[in-house]
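Below are the chains, spelled out letter by letter.
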Amino acid sequence: MNSSPRTQPDSCPGVLAVHQAADGGLARVRLPGGLLSAAQLRVLAAASGELGDGHLELTSRGNIQIRALRPGAPQTLSDRLYSAGLLPSISHERVRNILASPLSGLDQDSLYDVLPLAAELDRLLCAQPALAELPGRFLFALDDGRGDLGAVGADVAVRVLAGGKGLLVLGGVSRGAEVPLEDAPAVMIAAAEAFLTERAAQDSEAWRIAELADGAAEVYERLGLEPRGLDPRGLDPRGLDPLGLDPLGLEPLVAAEAAGTAVVVAGRREQVDGRVAVVVTVPLGSLSAEQAAVLSDLAELGNGQIRVTPWRSVVLGGFDAVDDAVAQLEAVGLVVEPESPWNGVTACAGKPGCAKALADVRADARDVTPRIRRGRQPVHWSGCERRCGRPAGRFVDIIALGNGYAIDGEPVDVELVEAVAAARGAR
Ligand code: SF4
């Protein structure tokens, strides 16, 4: 059971509802399924160059932010994004929070291409007026069966199972109800509607299903569904199932998650059609105009798409060969090497962008990261205890104190680079 302490609606920024940060306006552009065309990325990069700080920030939900917007710039920005097809719904722009497995339909780990389901979910979402009232934090996820979105904590998730079935998982609770995959978008919409109904019944301002009292159970009941199956995280991660019970066939998925192989990391991926995809890490999720231009140009040589992941990286696919593409990406500071120390490193805005920040965490992360080897654990640098943009699951927690840093709650009293390396398990 849980209950919500919320007393007011969320204030998540959008394109129309711009947040005023210390460095100016901050606009967040939702990208359902993380999908962008080359032309759309060029529009975003040009807009940031002319109206903002010139960079595009990739977020932990696979969206893009533009910072340091000048007074009057948001109107120009929204006009440009509308023309580029990046603002298809005025009323629903902040609620189009839909993640999809970024390699969906490309490699052999994809059991089913969920991107068409994500597009249909977005269409249904924007067509339902009542769902404009969803909180901006409410998250949908469509996992193509590899388990890469198992830890994102979506409110309404469908994970592909074998045999054309999906597992509806609500509120991050690891029990689920089977649904036919073709029905997944409609069921997910019904779950969102049931959340709003239950929230009203509880007279709550909850932003997430898990914030409601017995939220997941109540929403399942309103849907007429009975979740079943083992708690996947209770299964033996070595692939054993001591009770002999795995009615939903989740054991391989759980093993992959436990081994850390489910999350998509930088590198080259063979596609099932014989072509090649590349997963490209964007250091600290900050994409420069030059980097955006290279990504756009390369996307046009491939399948035309840029897929933004929730891990500060992008996927380009559809190449006959990628050696030249990799060289171009690395020449502008993007990362394709799986063992690069930049993989798994994230940071909040810090100084000077955020008034609450106690340090320029991005500058410190840029100084420290190249000096250590890639470790086993993700790292997140925060300018204060709010930990904005932190990754899901376990991570090395580096927080500015004003007179130094704490790592995992302990003040650092040695060289910062040594402390980070030790915490990350890199040395
Ligand atoms: S974690 Fe703190 S310093 Fe960083 S962006 Fe959030 S509020 Fe600002």
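Use the structure listed above.
Here's what I pulled together on the structure shown here. Throughout this description, residue numbers start from 1 for each chain and increase along the sequence as written. Whole-chain, interface and lining totals are the exception, using all residues; otherwise, since this is a predicted model, local features are given only for residues with pLDDT of at least 70 and side-chain atom pairs are given and counted only at 80 or more. Water and hydrogen atoms play no part in the side-chain values, which are based on all heavy atoms of the structure.

1. A word on the site of the ligand
As a matter of local geometry, the ligand sits amid Cys348, Ala349, Cys354, Lys356, Ala357, Gly383, Cys384, Arg386, Arg387 and Cys388. Classes in brief: Ala, Val, Leu, Ile, Met, Phe, Trp, Tyr, Cys and Pro nonpolar; Asp, Glu, Lys and Arg charged; the others, Gly included, polar. Of the residues belonging to the shell around the ligand, the class tally is 6 nonpolar, 1 polar and 3 charged. A molecule or strand has a residue near it when one of that residue's heavy atoms lies within 4 Å.

2. Considering empty space enclosed by the protein
Space inside and on the surface of the protein is sampled on a 1 Å grid over the protein atoms alone, with a cavity defined as a set of points where a 1.4 Å probe fits but cannot get out and a pocket as an open set with protein on both sides within 12 Å along at least 5 of 7 lines; lining residues have an atom within 4 Å of a point. Grid points are joined across faces, edges and corners, and a volume is the space filled by probe spheres set on the points. Within this structure, the stated rule accounts for 1 cavity of 30 Å³ or more. Taken as a whole, the largest cavity spans an internal volume of roughly 40 Å³. Taken together, the elements giving at least two residues each to the lining of the largest cavity come down to strand S17 (379-382) and helix H10 (416-424). Taken together, the residues of the lining of the largest cavity break down into 7 nonpolar, 1 polar and 1 charged. Per the convention used, a helix needs a DSSP run of H or I reaching at least four residues, while a strand needs a run of E reaching at least two, with both numbered from the N terminus.

3. Description of the side chain of Ser104
As for its position among the elements, Ser104 is in the loop between strand S6 (98-100) and helix H3 (115-127). Under the relative-accessibility criterion, Ser104 is labelled buried at 1%. Each polar contact in these results corresponds to two N or O atoms within 3.5 Å; when the atoms are within protein, one needs to be able to donate a hydrogen and the other to accept it, and residues that are neighboring in sequence are counted only if both atoms are side-chain atoms. For Ser104, the side chain forms a polar contact with the main-chain nitrogen of Val114, separated by 2.8 Å. Relative accessibility decides the category of a residue: with a 1.4 Å probe and only protein chains considered, values under 20% of the type maximum give buried, values over 50% give exposed, and everything between is partly exposed.

4. Structural notes on H3
With 13 residues, H3 should reach 18 Å at 1.5 Å per residue; the first-to-last C-alpha distance of 18 Å fits that figure. Residues Leu115, Leu117, Ala118, Leu121, Asp122 and Leu125 constitute the buried set of H3. When H3 is viewed along its axis, its buried side chains cluster within an angular range of 150° and face the same direction. Facing away from the buried side of H3 by over 90 degrees, the exposed positions are Ala119 and Ala127. Contacts from the buried residues of H3 go to strand S3 (35-37), S6, strand S7 (140-143), helix H4 (184-201) and strand S14 (305-308). In this analysis, the expected span of each helix is defined as 1.5 Å times one less than the number of residues it contains. Directions are taken from the helix axis to each C-beta atom, and the arc is the one they span. Only heavy atoms enter the contact rule, under which two residues are in contact if any of them lie within 4.5 Å.

5. Some details on the environment of Val276
By secondary structure assignment, the location of Val276 is in strand S12 (residues 276-281). With 44 residues separating them along the chain, Val276 and Asp320 place their C-alpha atoms 6.2 Å apart.

6. Some remarks on helix H7 (residues 289-301)
Between its first and last C-alpha atoms H7 spans 19 Å; for 13 residues at 1.5 Å apiece the expected length is 18 Å, and the two agree. Along H7, the residues classified as buried are Gln291, Ala292, Val294, Leu295, Ser296, Leu298 and Ala299. The inward-facing, buried residues of H7 abut helix H1 (38-51), strand S13 (286-287), S14, strand S15 (313-319) and helix H8 (323-331).

7. Let's talk about the nonpolar core
Across soluble globular proteins, nonpolar side chains have a tendency to be buried as a group. Leu36, Leu44, Val278 and Leu329 are the most contacted members of the largest nonpolar core, which has 44 residues in total. Considering every element that reaches this core, the biggest residue donor is H1, with 6 residues. The contact partners of Leu36, leaving out residues within four places of it in the chain, are Leu31, Leu41, Leu44, Ile64, Leu86, Gly304, Gln305, Ile306 and Val308. As used in this record, nonpolar core signifies buried Ala, Val, Leu, Ile, Met, Phe, Trp, Tyr and Cys residues forming a set joined through side-chain atoms within 4.5 Å.

8. Considerations on the pairing of strand S10 (residues 177-180)
Going residue by residue along S10, you find Ala177 and Val179 tucked away on one face and Glu178 and Pro180 left uncovered on the opposite face. Following DSSP output, two strands are said to pair if at least two bridges run between them. Pairing of strand S9 (residues 165-170) with S10, which is carried by 4 bridges, proceeds in the antiparallel orientation. Bridged to Gly166 within S10 is Val179.

9. Side note on the packing of H4 against helix H5 (residues 215-223)
Note on geometry: axes are C-alpha line fits, over the in-contact stretch for helices, and angles between N-to-C directions span 0 to 180 degrees. Remark: H4 packs on H5, axes separated minimally by 9 Å, with the N-to-C direction vectors making an angle of 115°. Seen along the crossing, H4 lies across H5 with a hand that is right-handed. Facing Ala190, Ala191, Ala194, Phe195, Thr197, Glu198 and Ala201 of H4, the residues of H5 in contact are Glu218, Val219, Arg222 and Leu223. Along the lines of polarity and charge, the residues of the contact of H4 with H5 split into 7 nonpolar, 1 polar and 3 charged. Handedness of a crossing is defined here by the sense of rotation of the near helix relative to the far one, left-handed for an anticlockwise turn of less than a right angle and right-handed for a clockwise turn.

10. Let's talk about the packing of aromatic side chains
Only Phe, Tyr and Trp rings are paired, with Trp represented by its six-membered ring, and only when their centres lie within 6.5 Å; those with planes under 30 degrees apart are stacked, over 60 edge-to-face, the remainder tilted. All chains considered together, the criterion is met by 3 aromatic pairs. Ring centres of Phe138 and Phe140 lie 5.5 Å apart, and the angle between their planes is 70°; this geometry places the pair in the edge-to-face category. Across this residue pair, the class does not change: Phe138 and Phe140 are buried. Taking 5.4 Å as the distance between ring centres and 85° as the angle between the ring planes, the aromatic pair formed by Trp381 and Tyr405 counts as edge-to-face. On the criterion of sequence distance, the pair formed by Trp381 in strand S17 and Tyr405 in strand S19 (residues 405-407) is long-range, its members being 24 residues apart. Both residues of the pair, Trp381 and Tyr405, belong to the buried class. Three or more aromatic residues link up through ring pairs in this structure, and these residues are Phe138, Phe140 and Phe195.

11. Overview of the sheet that holds S12
Judged by pairing direction, the sheet is antiparallel, and its 5 strands sit side by side in the order S3-S14-S15-S12-S11 without closing on themselves. On the outer flanks of this sheet lie S3 and strand S11 (267-270), each paired with one strand and no other. Put simply, the sheet's adjacent strands are angled 25° from each other on average, direction ignored. Pairing analysis gives 5 bridges linking S12 to S15, with the strands arranged antiparallel. Note that in S15 the partner of Val278 across the bridge is Leu316. Strand contacts of H1: S3 and S14, with the helix running at about 90° to S3, the strand carrying the most contacts.

12. Overview of the pattern of salt bridges
Salt bridge criterion: a side-chain nitrogen from Lys or Arg within 4 Å of a carboxyl oxygen from Asp or Glu. Throughout the structure, instances matching the rule amount to 20 salt bridges. Note that Asp297 and Arg42 form a salt bridge whose closest N and O atoms lie 2.8 Å from each other. Of this pair, Asp297 sits in helix H7 while Arg42 sits in helix H1; the two residues are 255 residues apart in sequence, bridging distant segments of the chain. Judged by its relative accessible area of 41%, Asp297 is partly exposed. Given the relative accessible area of 32%, Arg42 is considered partly exposed. Among the salt bridges present, the one from Glu198 reaches Arg222, with a minimum N-O distance of 2.7 Å. Within this pair, whereas Glu198 is found in helix H4, its partner Arg222 is found in helix H5, the two being separated by 24 residues in sequence. Judged by relative accessible area, Arg222 falls into the partly exposed class, the value being 42%.

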